[in-house]
Amino acid sequence: MDVISLITDFGYSDNFVGVLKAVILKINPRAKIIDVCHEVKPQDVIRAALLLNDSFGYFPRGTVHLAVVDPAVGSERKMILVKTKNYFFAGPDNGILSLALKKEPIVKIIDVTDKRYFLTPVSDTFHGRDIFAPVCAYISKGYKIDRFGKEIKLFQRLSLPPVEKKSKVLVGEIMLIDRFGNLRSNITGDIFNNFTKSRKFNIQIKGKTINKLSHSYCQAPYLKPLAIIGSFDYLEIAVNKGSAHNFLGAGYGTKIKINIL
Amino acid sequence: MDVISLITDFGYSDNFVGVLKAVILKINPRAKIIDVCHEVKPQDVIRAALLLNDSFGYFPRGTVHLAVVDPAVGSERKMILVKTKNYFFAGPDNGILSLALKKEPIVKIIDVTDKRYFLTPVSDTFHGRDIFAPVCAYISKGYKIDRFGKEIKLFQRLSLPPVEKKSKVLVGEIMLIDRFGNLRSNITGDIFNNFTKSRKFNIQIKGKTINKLSHSYCQAPYLKPLAIIGSFDYLEIAVNKGSAHNFLGAGYGTKIKINIL
Amino acid sequence: MDVISLITDFGYSDNFVGVLKAVILKINPRAKIIDVCHEVKPQDVIRAALLLNDSFGYFPRGTVHLAVVDPAVGSERKMILVKTKNYFFAGPDNGILSLALKKEPIVKIIDVTDKRYFLTPVSDTFHGRDIFAPVCAYISKGYKIDRFGKEIKLFQRLSLPPVEKKSKVLVGEIMLIDRFGNLRSNITGDIFNNFTKSRKFNIQIKGKTINKLSHSYCQAPYLKPLAIIGSFDYLEIAVNKGSAHNFLGAGYGTKIKINIL
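This structure is a prediction, so every number in the text was calculated from the model and none was measured.

J.: Explain the relation of the copies chain C and chain B here, please?
T.: A rotation about an axis combined with a shift along that same axis relates the two copies of the chain. Rotating chain C by 120° and translating it 0.0 Å along the rotation axis places it on chain B, where the RMSD comes to 0.0 Å. Accordingly, the operation relating the two chain copies is best matched by a three-fold axis. Both copies present different contact surfaces, since only 6% of the interface residues of chain C are interface residues in chain B too.

Here's what the structure looks like:
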């Protein structure tokens, strides 16, 4: 399919993304490159992993997903390439791919080492351009992943904070804030529904109480907070026409509690 | 032509634009997707409508223009699809398409309802991804718009503040500020020229008086304000090598007066 | 190859980049347009020239490189088109192309004047859309550059601050700060290595002293400054997991000294 998706912390104020794409196009002029996000906060591997996890499944089969947030670039950390049932994934071995790889059956993992496919010279600080871009370009052209290094069996995994479940209380926390100020928790729609079933509940966050689940942002009064199962299937706190992040003073790690009444 | 243009308030810090494009590419791998703007201020339907109005005509015939700024997503607001003489337009029925549709002869308007073309399940909060993206992808492949719902005759229109015209005074206001700090008014080049004709005039804004129309930003002294008919054919106030927005303390809604002398 | 690269100061908050691309696609539907950077600070010709210089060589042969940071748009400044051994370059004649053109053997320079290839009417303030976009689109389709105007021999050159070299001291300055807060100097890897050879040295910047060259950001202790030859082959000052820009209070023009011990 020639599709390559990109998630990085390279931003838009430099030329990092542009030259990475140039390298890809030079090797595969037919590549279709889709920017998923380049505004990951510098070195925030967890956010990149969450974004990748939420995004990869929307892409056509065969897409090569490249994720580069790489605080240890130039050190001994591995660079890995993973073939799954439906996709290819590439990135530093720091957990960035690990959330997505929980969902996708893994076929093979390669420790990328074969310098024949890298740019020459390889810089100390920009493996996105010098190693990952060419490797992904070759994969998008159909090269078998075995060419790039040896098979390995293990890779780094991130551990996210767990949802705590008691008989009448579920406690999660805010994992991600979007540009609208919506607060996304680590409680999935499934976890939420299996816990509340048809019982009455309320939701508490930062001293505020929300008594029901809404089905659109407009269902709460103007500038009032509401709870909703968001578009990536997590319990979210939002504010109608406003920012829950600002309104509640809540952020990463803020606890969110569901109480059965 | 397979071209799809995008205007949204989704920003670049999340994965919203990326997954919307993924959905399009999965349906039409030949789609060429052009970002017009994703940095519309959250929920600012008017700015999105202005940007669309200023942009659509530069695109190739047959382009599908998708504009999604949708504060009422998930409520009962309609989603519409409009075929015009030269283009297709898609967006929530909240006025976002209405300025462009003043200029383009309308052929047919469809109320988008046919779930067969939507992603499953449709989320409550991201119809851009779940409804608009697939529908636009199918249109870019040549699907007739009648397939997506029933024809309707009316749609929401925005009303912009009018230009007030007296015999010797024209009063407009600032509608849009660009990244250079240029202040764009609602006075078009035609309105301006038909009013001033060959008469002497001055332009007043925020207590400053400008005595002529310039033809380049360099025609005013360094850091001095000037008036110019901008590249989208509106009367603009700019500052040579500076920001008129900062220099004049002027913004949205600031009045601008043209006086015949 | 149909590849067009873009560097501008148009930003992402308006529709400037989008309509420029629309104009290109209307003329050459096969064009592949790569954004190198649109977040150049308004009117910062030097930064655009540096980014172009660092980027162009990664692109496929035949790429048309368009760079538009154009504070004098609408004045008498020329617009030039340059064919080199491997590429085409287009931009205002204000030095923006000049750093790249030091590296690339020039074949021919054209003063762009032939209105037949421009949009009609040409605006006073957006030659990127009205002149450069169509001209670059035609070139990407294979039009000979002689069609667009007359050959000229001279163009504007930027002069960058020189590196001062004494027997035991090399003095450069910071030229570019990237989004990670890394400080890039005007001292290239070659200049640095030829000067230090195998002699002992230290590096001084803003009262701090660094005693060696690192080969990865992780080689310095957490939040400590380090020196490294960066990915575009300049001596850079960075901070492990932090921003050297913030940590050192250093910015454009800050002096950096290499002392032989």
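Having seen it, we continue.
J.: Before we go on, may I ask you to explain the relation of the copies chain B and chain A in this structure?
T.: Mapping chain B onto chain A calls for a rotation angle of 120° and an axial translation of 0.0 Å; the resulting RMSD is 0.0 Å. Here only 6% of the contact residues of chain B are again contact residues in chain A; the copies associate through non-equivalent surfaces.

J.: Would you mind showing me how to read the interface of chain C and chain B here?
T.: Put simply, an interface is often sized by how much accessible area is lost when its parts join up. Counting from both sides, the interface comprises 34 residues of chain C and, opposite them, 32 residues of chain B. The junction of chain C with chain B conceals about 2700 Å² of combined surface from both sides, 59% of it contributed by carbon and sulfur atoms. Where chain C meets chain B, there are two salt bridges. Applying the counting rule to chain C against chain B returns 14 residue pairs in polar contact (both at pLDDT 80 or more). Looking at the side of chain C that touches chain B element by element, the count peaks at eight residues for helix H1 (residues 16-27) of chain C. Split into classes, the residues belonging to the side of chain C that touches chain B amount to 16 nonpolar, ten polar and eight charged.

J.: What am I meant to see in the pairing of strand E5 (residues 88-92) of chain B here?
T.: A regular strand carries its side chains on alternate faces of the sheet. Burial runs high along E5 of chain B: five of the five residues are buried. Between strand E4 (residues 79-84) of chain B and the antiparallel strand that follows it, E5 of chain B, lie three residues.

J.: So what exactly am I meant to see when it comes to the packing of aromatic side chains here?
T.: The geometry of an aromatic ring pair comes down to the distance between the two centres and the angle between the two planes. By the definition in use, this model includes 48 aromatic pairs over all chains. Ring geometry for Phe-192 of chain B against Phe-201 of chain B: centres 5.3 Å apart, planes inclined by 90°, an arrangement best described as edge-to-face. Since its relative accessible area comes to 14%, Phe-201 of chain B is described here as buried. Through successive ring pairs, a cluster of aromatic residues spans Phe-10, Phe-16 and Phe-126 of chain A together with Tyr-58, Phe-180 and Phe-232 of chain C. We note Arg-199 of chain A situated over the ring of Phe-195 of chain A; from NZ or CZ to the ring centre the distance is 5.5 Å.

J.: Sorry if this is basic, but what is going on with the side chain of Asn-186 of chain A here?
T.: Residue and element names in this part refer to chain A. Its place among the elements puts Asn-186 in strand E10 (residues 183-188). For Asn-186, the side chain forms a polar contact with the main-chain oxygen of Pro-161, separated by 2.9 Å. A polar atom in the side chain of Asn-186 sits 2.9 Å from the backbone nitrogen of Glu-173. Leaving out residues up to four positions away in the same chain, Asn-186 has contacts with Pro-161, Pro-162, Val-163, Gly-172, Glu-173, Met-175 and Tyr-234.

J.: Just checking my understanding: could you explain the packing of H1 of chain C against helix H4 (residues 127-140) of chain C for this structure?
T.: Each packed pair of helices is defined by two parameters, the angle between the axes and the distance between the axes. Residue and element names in this part refer to chain C. H4 packs onto H1 with a crossing angle of 35° between their chain directions and a minimal axis gap of 8 Å. As H1 packs across H4, the resulting crossing turns out to be right-handed. Contacts between H1 and H4 pair Val-19, Leu-20, Val-23, Ile-24 and Ile-27 from the former with Gly-128, Arg-129, Ala-133, Pro-134, Ala-137 and Tyr-138 from the latter. Its residues placed into classes, the contact of H1 with H4 shows nine nonpolar, one polar and one charged.

J.: Got a minute to help me understand the sheet that holds strand E6 (residues 106-112) of chain B in this structure?
T.: Pairing between the strands of a sheet comes from backbone hydrogen bonds, and it takes one of two forms, parallel or antiparallel. All names here are of chain B. Taken together, the seven strands give an open sheet; going across it, the order is E2-E1-E3-E5-E4-E6-E7, and neighbouring strands pair in mixed fashion. A single partner strand is all that each edge strand has here, and the edge strands are strand E2 (32-37) and strand E7 (149-152). Taking the axes of each pair of neighbouring strands and ignoring which way they run, one obtains an average angle of 25° across the sheet. Sheet topology note: the E4/E6 ladder contains five bridges and is antiparallel. Following the sheet pairing, Leu-81 is matched in E6 by Ile-110. Its contacts with the sheet put helix H4 (residues 127-140) on strand E1 (3-8), strand E3 (64-68), E4, E5 and E6, and the angle it makes with E3 is roughly 170°.

J.: Got a minute to help me understand the pattern of salt bridges in this structure?
T.: A side chain with one charge can pair with a side chain of the opposite charge if their charged atoms come near. Applying the stated criterion to the full structure yields 33 salt bridges over all chains. For the salt bridge of Asp-146 of chain A with Lys-108 of chain A, the shortest nitrogen-to-oxygen distance reads 2.5 Å. Here Asp-146 of chain A is found in the loop between helix H4 (127-140) and strand E7 (149-152), whereas its partner Lys-108 of chain A is found in strand E6 (residues 106-112), with 38 residues between them in sequence. Among the residues examined, Asp-146 of chain A registers a relative accessible area of 41% and is labelled partly exposed. Across the pair Lys-153 of chain C and Glu-151 of chain C runs a salt bridge, and its minimum N-O distance is 3.0 Å. Since its relative accessible area comes to 40%, Glu-151 of chain C is described here as partly exposed.

J.: What is the right way to look at the sheet that holds E7 of chain A in this model?
T.: All names here are of chain A. Pairing is mixed in the open sheet, where seven strands are placed in the order E2-E1-E3-E5-E4-E6-E7. Only two strands of the sheet have a single partner each, and these edge strands are strand E2 (32-37) and E7. This sheet shows a mean twist of 25° between the axes of neighbouring strands, independent of strand direction. Taken together, the five bridges between strand E1 (residues 3-8) and strand E3 (residues 64-68) define a ladder with parallel strand orientation. Looking at the pairing, Ser-5 lines up with His-65 of E3. The sheet contacts of helix H2 (residues 45-55) involve E1, E2, E3 and strand E5 (88-92), and relative to E1 the element is tilted by about 150°.

J.: Can you walk me through the interface of chain B and chain A in this structure?
T.: The interface is formed by 34 residues belonging to chain B together with 32 residues belonging to chain A. Summed over both sides, the interface of chain B with chain A buries roughly 2700 Å², with 59% coming from carbon and sulfur. Of the charged contacts, one joins Asp-14 of chain B and Arg-47 of chain A as a salt bridge, the two residues approaching to 2.9 Å between their closest N and O atoms. Connecting chain B to chain A are 14 residue pairs in polar contact (both at pLDDT 80 or more).

J.: It is not clear to me how the layout of surface pockets should be interpreted in this structure. Could you clarify?
T.: What the second largest pocket holds in volume is close to 800 Å³. Lining the second largest pocket are 35 residues, with Asp-54, Lys-103, Phe-232, Asp-233 and Tyr-234 of chain A sitting closest to its centre. The set of elements that each furnish at least two residues to the lining of the second largest pocket consists of H2, helix H3 (98-103), strand E9 (169-177) and E10 of chain A together with helix H1 (16-27) and H4 of chain B. Per-element tally for the lining of the second largest pocket: the top contributor is E10 of chain A, with four residues. For the lining of the second largest pocket, the per-class residue count stands at 19 nonpolar, eight polar and eight charged.

J.: I keep staring at helix H5 (residues 189-196) of chain A and nothing clicks. Help me out?
T.: Within an α-helix, residues lying three or four positions from one another point in the same direction, as the helix has 3.6 residues per turn. Residues and elements named next belong to chain A. Turning to H5, its buried residues are Gly-189, Phe-192, Phe-195 and Thr-196. Buried residues of H5, seen end-on, are gathered within an arc of 140° and therefore sit on one face of the element. Exposed residues pointing more than 90 degrees away from the buried face of H5 are listed as Asp-190 and Asn-194. A positive phi of about 45° marks Lys-197, the residue just after H5.

J.: When you look at unusual backbone geometry in this model, what are you seeing that I'm missing?
T.: Glycine aside, the phi torsion of most residues is negative, and most peptide linkages are trans. The residue after Thr-120 of chain A, namely Pro-121 of chain A, is reached through a cis peptide bond having omega -10°. Summarising the element assignment, Pro-121 of chain A is placed in the loop between E6 and H4. With a phi close to 65°, Leu-223 of chain A is a non-glycine residue in the positive phi region. Residue Gln-43 of chain C is not a glycine yet carries a positive backbone phi of 75°. Residue Gln-43 of chain C is classed as partly exposed on the basis of its relative accessible area, which comes to 28%.

J.: Sorry if this is basic, but what is going on with the environment of Asn-193 of chain A here?
T.: Counting through the fold element by element, Asn-193 of chain A comes out in helix H5. For the pair Asn-193 of chain A and Ile-229 of chain A, spaced 36 residues apart in the sequence, the C-alpha separation amounts to 10.0 Å.

Each value, and the rule that gives it
- The residue numbers shown here count from 1 along each chain, following its written sequence.
- Chains carry letters and ligands carry numbers; both start at the beginning, A for chains and 1 for ligands, and go up in the order they are written.
- With pLDDT at 70 or above as the cut-off, local features in this predicted model cover only qualifying residues; side-chain atom pairs require 80 or more to be listed or tallied, and sums for whole chains, interfaces and linings still use all residues.
- Working from all heavy atoms in the structure, the side-chain values ignore hydrogens and water.
- Copies are brought into register by a least-squares superposition over C-alpha atoms of residues with pLDDT of at least 70 in both.
- Whether two residues are in contact is decided by their heavy atoms: any pair within 4.5 Å suffices.
- Two parts placed together each lose some accessible area under a 1.4 Å probe, and adding up what both lose gives the buried area.
- For salt bridges, the criterion is a side-chain nitrogen of Lys or Arg within 4 Å of an Asp or Glu carboxyl oxygen.
- The definition of a polar contact used here is a pair of N or O atoms within 3.5 Å, where within protein one atom must be able to donate a hydrogen and the other to accept one, and adjacent residues in sequence count solely through side-chain atom pairs.
- Helical segments are the DSSP runs of H or I of at least four residues, strand segments are the runs of E of at least two, and each set is numbered from the N terminus.
- Charged means Asp, Glu, Lys or Arg here, nonpolar means Ala, Val, Leu, Ile, Met, Phe, Trp, Tyr, Cys or Pro, and polar covers whatever is left, Gly included.
- Here the term buried applies to any residue with accessible area under 20% of the maximum for its type, exposed to any over 50%, and partly exposed to those in between, with areas from a 1.4 Å probe on protein chains only.
- By definition, two strands form a pair when at least two bridges between them are found by DSSP.
- For Phe, Tyr and Trp, rings pair up if their centres lie within 6.5 Å, where Trp contributes its six-membered ring, and each pair is then called stacked (planes under 30 degrees apart), edge-to-face (over 60) or tilted (otherwise).
- Look at NZ for Lys and CZ for Arg. If either is within 6 Å of the ring centre and within 35 degrees of the ring normal, a charge sits over the ring.
- Note on definitions: angles span 0 to 180 degrees between N-to-C directions of axes, and those axes are lines fitted to C-alpha atoms, for helices only across the stretch in contact.
- Handedness of a crossing is defined here by the sense of rotation of the near helix relative to the far one, left-handed for an anticlockwise turn of less than a right angle and right-handed for a clockwise turn.
- Here a cavity denotes grid points, spaced 1 Å and computed from the protein atoms alone, that fit a 1.4 Å probe unable to get out, and a pocket denotes an open set having protein on both sides within 12 Å along at least 5 of 7 lines; residues with an atom within 4 Å of a point are the lining.
- Grid points are joined across faces, edges and corners, and a volume is the space filled by probe spheres set on the points.
- Note that the arc is defined by the directions from the helix axis to the C-beta atoms.

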